[in-house]
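# Overview (structure and organization)
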Amino acid sequence: MPVANRPTRRTAAPAAPSPTRRTAPAAACLAVLLAAATGCAPQDDGSGSSKSSAAPPAAAACTKGKLATQVPGKLTVGTDKPAYAPWFVGDDPSNGKGFESAVAYALAERLGYDRADVVWQTVPFNTAVAPGAKKFDVDLNQVSVSDERRRAVDFSSGYYDVRQAVIALKDSPAAKARSADDLKHVKLGAQVGTTSLDVINDVIKPGETPAVFQKNDYAKTALKNGQVGAIVVDLPTAFYITSAEIEDARIVGQFEAGGGKPEQFGLVLDKGSRLTSCVSGAVDSLRKDGTLARLEKKWLSEAADAPVLK
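So, a few notes on the structure that sits alongside this text. Note that the coordinates shown come from a computational prediction; the quantities given were computed from them, not determined experimentally. (Residues numbered from 1 in each chain as written. Predicted model: local features only at pLDDT ≥ 70, side-chain atom pairs only at ≥ 80, totals over all residues. Heavy atoms only, no water.)

## A short note on the overall build of the chain
Selection criterion: Helix numbers and strand numbers start at the N terminus; a helix is a DSSP run of H or I with at least 4 residues, a strand a run of E with at least 2. Three labels apply to residues, based on accessible area from a 1.4 Å probe with only protein chains included: buried if under 20% of the type maximum, exposed if over 50%, partly exposed otherwise in between. Accessible surface is estimated by sampling points in the Shrake-Rupley manner with a 1.4 Å probe; for residues, cover comes only from the protein chains shown.
Helix and strand counts for the chain stand at 10 helices and 11 strands. When the 310 residues of the chain are sorted by exposure, 48% land in the buried category. On the chain, roughly 14,100 Å² of surface is accessible, and the fraction owed to carbon and sulfur atoms is 53%.

Right, here's the structure in full:
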């Protein structure tokens, strides 16, 4: 089951770009231009230098199905393993079931790639957001967009507005909490590197150092075993945990988005990726035409109202 903004999945270093993508002959581009065609899309120069401050790619770079991807003609998508519901179903990202799997295929179609052209890759959460070249084109794994993470990676436009929630066993003192102050003396836990952990440290500010786990599975086990009094995860994950995994647990409440700006999950891309602007444009179009809302309603319908902790 997914945990809020959990660590990323894959770790392998990206394969070197193929010579064709790296050094498209200038003569070929000139010939196309002289023929009054659309022009050659920008090619990877293989320099490996950061392009984070470069101007957005030209329109030709977003030619459907012909982006400068890791593997020409394919879209490589990273996510963690296990791949939890409701973001994925059956621990199989490739089946199109679950919110993030469905978003990935909707994005691929908008970018001009058929379902068969989508290649899934296992990428641990922390690897996805760590500095360094990536082997995936995009990664989606409930990763919250933040300025700190932007120093290491690119993000697309947000594809989901999320809130964090607290889960506790029904008969525990934490289950009776009605505010953040009521949780200050509770032993809390969350996955490492997540905004769930940020909420504990920055919003609840407990008197005791929170327990930090590599995966949400470990956090859930600690909750069941009484090693922590409550854990913090994203709201859809909280509904799944309490309805399908820990039946004697309940959602204590959720936290409002801070500063008037919603926390958002975004697709992760390599820092300075030439795909960032194309991917963001596709996400924006999926939001504008209602596709994201429809997928959210289908796969995350339970993530509705829960008591707000203040």
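## A short note on the state of the cysteines
Selection criterion: Here, a disulfide means two cysteine sulfur atoms that sit within 2.5 Å of each other.
This model, assessed by the stated rule, comprises 1 disulfide. Disulfide pairing is shown between C62 and C278; the S-S distance is 2.0 Å. Judged by the sign of its S-S torsion, about -90°, the cystine formed by C62 and C278 is left-handed. Here C278 lies in helix α9 (residues 276-288) and C62 lies in the loop between α2 (26-34) and β1 (75-79), a separation of 216 residues in the sequence.

## Observations concerning the pattern of salt bridges
Quick note on the threshold: Between Lys or Arg on one side and Asp or Glu on the other, a salt bridge is scored when a side-chain nitrogen of the former is within 4 Å of a carboxyl oxygen of the latter.
One pass over the structure, following the stated rule, counts 9 salt bridges. Close ionic contact of D181 with K184 constitutes a salt bridge, the shortest N to O distance being 3.8 Å. Taking relative accessible area as the criterion, K184 reaches 24% and is therefore assigned partly exposed. Connected through salt bridges with shared partners, the residues D217, K220 and E245 form a single ionic network.

## Considering unusual backbone geometry
Put simply, K81 and P82 share a cis peptide bond, and its omega is 5°. Here P82 shows up in the loop between β1 and α3 (99-111). Cis geometry is found at the peptide bond from A85 to P86, where omega equals 5°. Position of P86 relative to the elements: it lies in the loop between β1 and α3.

## Here's the deal with the packing of α3 against helix α10 (residues 291-299)
Relative placement of two packed helices is described by the angle separating their axes and the distance separating the axes. Which entries qualify depends on this criterion: Orientation is described by axes fitted as lines to C-alpha atoms, over the contacting stretch for helices, and by angles from 0 to 180 degrees between their N-to-C directions. Here the angle decides the label: under 35 degrees means roughly parallel, over 145 means roughly antiparallel, 65 to 115 means roughly perpendicular, and every other value means oblique. Take the far helix as the reference: if the near one is turned anticlockwise from it by less than a right angle, the crossing is left-handed, and if turned clockwise, right-handed. When checking whether two residues touch, look at their non-hydrogen atoms; a contact exists if any pair is within 4.5 Å. Residues were grouped as follows: Ala, Val, Leu, Ile, Met, Phe, Trp, Tyr, Cys and Pro as nonpolar; Asp, Glu, Lys and Arg as charged; and all remaining residues, including Gly, as polar.
Relative orientation of the contacting elements α3 and α10 amounts to 155°, with a least axis distance of 9 Å. The angle between α3 and α10 places the two elements in the roughly antiparallel class. At the point where α3 passes α10, the crossing takes the right-handed sense. In this structure, α3 uses F99, A102, V103, A106 and R110 to contact α10, whose residues at the interface are T291, L292, L295, E296 and W299. Grouping the amino acids of the contact of α3 with α10 by side-chain chemistry returns 7 nonpolar, 1 polar and 2 charged.

## Digging into the pairing of strand β6 (residues 188-191)
Across a regular strand the side chains alternate sides, sitting on one face of the sheet and then on the other. Selection rule: Only strands that DSSP links by at least two bridges are regarded as paired with each other.
Side chains of β6 alternate between two faces, with L188 and A190 and G189 and Q191 buried alike. Pairing of β6 with strand β8 (residues 230-234), which is carried by 2 bridges, proceeds in the parallel orientation. Counterpart to G189 in the pairing with β8 is I231. Here β6 runs beside strand β7 (residues 211-213); their pairing, made up of 3 bridges, is parallel. By the bridge assignment, G189 is partnered in β7 with A211.

## Some points on the nonpolar core
Note on soluble globular proteins: their nonpolar side chains tend to be buried together. Rules: In plain words, nonpolar cores are sets of buried Ala, Val, Leu, Ile, Met, Phe, Trp, Tyr and Cys residues tied together by side-chain atoms within 4.5 Å.
Core analysis: the biggest nonpolar cluster contains 35 residues, and L111, Y159 and V279 have the highest contact counts within it. For this core, the secondary-structure elements that each account for two or more residues are β1, α3, β2 (118-122), β4 (154-162), β10 (263-269), α9 and α10. Setting aside chain neighbours within four positions, we find Y159 in contact with F99, E100, V103, L140, N141, Q142, F265, G266, L267, V283, R287 and L292.

## Some points on α3
Since the α-helix packs 3.6 residues into each turn, any two residues three or four apart lie on the same face. Heads up, the condition is: The span one expects for a helix is its residue count, reduced by one, times 1.5 Å.
Here α3 contains 13 residues, and its C-alpha end-to-end distance of 18 Å stays within 8% of the 18 Å for a straight helix at 1.5 Å per residue. In terms of burial, α3 is largely enclosed, as 11 of its 13 residues are buried. Among the structural elements, β1, β2, β4, β10, α9 and α10 are those in contact with the buried residues of α3. Where α3 terminates, the next one or two residues include G112, which has phi positive at roughly 95°.

## Focus on the environment of D182
For the record, the criterion: Whenever two N or O atoms come within 3.5 Å, that pair is a polar contact, provided that in protein one can donate a hydrogen and the other can accept it, and provided that, for residues adjacent in sequence, both atoms are side-chain atoms.
Structurally, D182 can be placed in the loop between β5 (164-169) and β6. Spatially, the C-alpha atom of D182 lies 8.8 Å from that of I204, the residues being 22 residues apart in sequence. For D182, the side chain forms a polar contact with the main-chain nitrogen of R178, separated by 2.8 Å.

Bear in mind that shape data such as this cannot, by itself, settle questions of function.
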